[in-house]
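Here is what each chain is made of, one letter per residue.
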Amino acid sequence: MFTGIVEGLGTVRSLTRQSGGMRMGIQPRMTGSLLVYHRRLDPDARRYAVLEVSIGDGARFVFRDVRRLGTIQLLDAASWSTYERGIGPEPLARQFTAERLAECLSGSRQAIKKVLMDQRRLAGIGNIYAQEALFRARLDPSRPADQLSPADVQRLYDAVREVLHASIRRRGTTVRDYRTGTGGTGSFQRSLEVYGRAGEPCTRCGSTLAETHAIDRRTTTFCWRCQGTPADQ
Ligand SMILES: [Zn+2]
């Protein structure tokens, strides 16, 4: 229940519990973690805890948020319904298909990286996983989403799911503050192929990885040879 990608909204639904007709929605955002402790909280855990709930058998559920970027909402049934409708599908859901991804991307001329990170279109993909998936799919992150061919979408679909599954297997990506559900660090950061690697060699072709801020004003690292431009592919 508490393993998942705590980068976007992907984990929010699974952590939401009905209580007295109200539901709680937590958006951990960039530096928030949702943790379960079966021991006393150490000073570090307590220092950044913004929510602490007893969940029985001596266990404590803690929302730890280092930079206080996360949000907690208590929602009644109507608000919950509106809230849930505003979140795109889970890419790891069994019923999520490449065709469904194509629908999520359709009608947008924005850069594919931006569209992937738009939680209203697709849940749970942030800056790290968008870059990693686009590299695996050999897609230019700046390419307009509506220009992807069915073959491009299929590669992207496979890449998104591979990256998320691989990260969950390695208990997430701890670049700075992220902690797993039991307070440890993830290890997917050791498997990152582009994120944070600008200037280093591409793992596939050896070219020096480039970076741009032109897509969404955040750093995007990519291989100009493997991901290129649409005309090069
Ligand atoms: Zn390359």
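1. Focus: helix α3 (residues 98-105)
Then comes step 1: Along α3, the residues that are buried comprise A98, L101, C104 and L105. Angular distribution of buried residues about the axis of α3 spans 110°; they occupy a single face of the element.
Then comes step 2: On its buried side, α3 packs onto α4 (112-117) and α6 (150-169).
Then comes step 3: At the exit of α3 stands G107, carrying a positive phi of roughly 75°.

2. Re the environment of C226
Then comes step 1: Along the chain, the position of C226 falls in the segment after β8 (220-222).
Then comes step 2: C-alpha separation for the pair C226 and C205, spaced 21 residues apart in sequence, amounts to 7.3 Å.

3. Side note on the coordination of the zinc ion
Then comes step 1: At this site the zinc ion is bound by C202 (SG), C205 (SG), C223 (SG) and C226 (SG), with donor distances of 2.3 to 2.4 Å.
Then comes step 2: Geometry at the zinc ion is tetrahedral, judged from the four donor atoms that bind it and their angles of 101 to 112° at the metal.
Then comes step 3: Sequence spacing of the donor residues for the zinc ion, all on one chain, is C-x2-C-x17-C-x2-C. You can see C202 sitting in the loop between α6 and β7 (210-212) and its partner C226 sitting in the segment after β8, a full 24 residues away along the chain.

4. A short note on the confidence of the model for the protein chain
Then comes step 1: Taken as a whole, the protein chain shows an average pLDDT of 83; of its residues, 82% reach a score of 70 or greater.
Then comes step 2: Mean pLDDT across the secondary structure elements of the protein chain bottoms out at strand β1 (residues 18-19), with 47, and peaks at α4, with 96.
Then comes step 3: Long-range and interchain partners of residues 1-18, a stretch whose pLDDT sits below 50, account for 58 contacts in this model, where long-range means more than four residues apart.

5. With respect to the environment of S207
Then comes step 1: Assignment of secondary structure puts S207 in the loop between α6 and β7.
Then comes step 2: Residues S207 and R225, spaced 18 residues apart in sequence, show a C-alpha to C-alpha distance of 7.1 Å.
Then comes step 3: Excluding its chain neighbours within four sequence positions, the residues that come into contact with S207 are E200, P201, C202, C223, W224 and R225.

6. Some thoughts on the sheet that holds strand β4 (residues 49-54)
Then comes step 1: The three strands lie next to each other as β3-β5-β4, forming an open sheet whose pairing is antiparallel. Two strands bound the open sheet, and with one partner strand each, they are β3 (32-37) and β4. Direction aside, the axes of adjacent strands within the sheet are offset by 15° on average.
Then comes step 2: Where β3 meets strand β5 (residues 60-65), six bridges bridge the pair, whose relative direction is antiparallel. Across the sheet, L34 pairs through a bridge with F63, a residue of β5.

7. Thoughts on the nonpolar core
Generally speaking, nonpolar side chains in soluble globular proteins are found buried as a group.
Then comes step 1: Counting residues in hydrophobic clusters, the biggest one holds 30 residues, and the most contacted among them are L101, L105, I112, L116 and L156.
Then comes step 2: Only α3, α4, α5 (127-136) and α6 provide two or more residues apiece to this core.
Then comes step 3: Here the element with the most residues in this core is α6; it accounts for eight residues.
Then comes step 4: With residues near it in sequence (within four places) discarded, I112 still touches L105, L134, D140, P141, R143, A145, L148 and L156.
Then comes step 5: Residues F135, C202, L209 and C223 belong to the second largest nonpolar core, which totals six residues.

Conventions we followed
The numbers attached to residues start from 1 for each chain and follow its sequence in the written order. Selection of residues for local features in this predicted model requires a pLDDT of at least 70, selection of side-chain atom pairs for listing and counting requires 80 or more, and totals for whole chains, interfaces and linings are taken over all residues. By convention in this description, side-chain values take in all heavy atoms of the structure and omit both hydrogens and water. Under the scheme applied here, a residue whose accessible area is under 20% of the maximum for its type counts as buried, over 50% as exposed, and between as partly exposed, the area being computed with a 1.4 Å probe on protein chains only. To qualify as a helix, a DSSP run of H or I must reach at least 4 residues; to qualify as a strand, a run of E must reach at least 2; elements of each kind are numbered from the N terminus. Here the arc refers to the directions that run from the helix axis out to each C-beta atom. Whether two residues are in contact is decided by their heavy atoms: any pair within 4.5 Å suffices. Because water is not among the atoms used, a metal site may look incomplete, as its donors are only the N, O and S atoms within 2.8 Å, or 3.2 Å for Na, K and Ca. A site with four donors is called tetrahedral when every donor-metal-donor angle falls between 85 and 135 degrees; four donors are called square planar, and six octahedral, when opposite donors sit more than 155 degrees apart and all other angles fall between 65 and 115; any other arrangement is irregular. pLDDT measures how confident the predictor is about each residue, on a scale from 0 to 100. At least two bridges found by DSSP between two strands is the condition for calling them paired. Lines are fitted to the C-alpha atoms to define the axes, a helix being fitted only along its stretch in contact, and any angle between axes, read from their N-to-C directions, falls within 0 to 180 degrees. In this description, a nonpolar core means a group of buried Ala, Val, Leu, Ile, Met, Phe, Trp, Tyr and Cys residues linked to one another through side-chain atoms lying within 4.5 Å.

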